[in-house]
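# Tertiary structure, described
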Amino acid sequence: GGVDISNRCSYYRYLRFFPNGEVAYALLNQEPKRALDWIHKGHRSMCVGRYKVKKKEVEVQVDVGYMMLYMKLKLLKRELFSRLKILRLEGLDKGEVTPFPVGMEPFYLYRVHRMK
């Protein structure tokens, strides 16, 4: 027999939508309650991009430094973007498009009442 060592690290995608069409984005291994201090537009972990709403879909484009990230999201509940499902997630680097697998479960808005 051998020793089975498995490490598991979960990552969370954070999106913060602003009324002017800007979106702040980060991919962190911090759970929502621990990440609240990080998810504001000026933090070094956040990348700022643009978004557009077209009917029940949201298109997001963010430069994450090493590639341009594109997301297409479906609004499952329109009010305050409270429930979104990732339909498409891909990166563009040096002319190459890389599709990323997306989970089947929708993600939810983590409501924050006080933000920096």
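So, here is what we can say about the structure in this document. For clarity, every value in this text was computed on a predicted model and none was experimentally measured. (Residues numbered from 1 in each chain as written. Predicted model: local features only at pLDDT ≥ 70, side-chain atom pairs only at ≥ 80, totals over all residues. Heavy atoms only, no water.)

### A few points about the overall build of the protein chain
- If you tally the helices and strands in the protein chain, you get 1 helix and 8 strands.
- Mapped in sequence order, the helices and strands of the protein chain form the string β-β-α-β-β-β-β-β-β. (Helix = DSSP H or I, 4+ residues; strand = E, 2+ residues; numbered from the N terminus.)

### Here we look at the environment of Leu69
- Examined against the element boundaries, Leu69 turns out to sit in strand E5 (residues 68-77).
- In this structure Leu69 comes out as buried when scored by relative accessible area, which is 6%.
- When the C-alpha positions of Leu69 and Val97 are compared, they lie 9.7 Å apart, and in sequence the two are 28 residues distant.
- If sequence neighbours within four positions are ignored, Leu69 has contacts with Tyr25, Val60, Gln61, Val62, Val64, Leu89, Glu90, Gly91 and Phe100. (Buried < 20%, exposed > 50% of the residue type's maximum accessible area, 1.4 Å probe, protein only. Contact = heavy atoms within 4.5 Å.)

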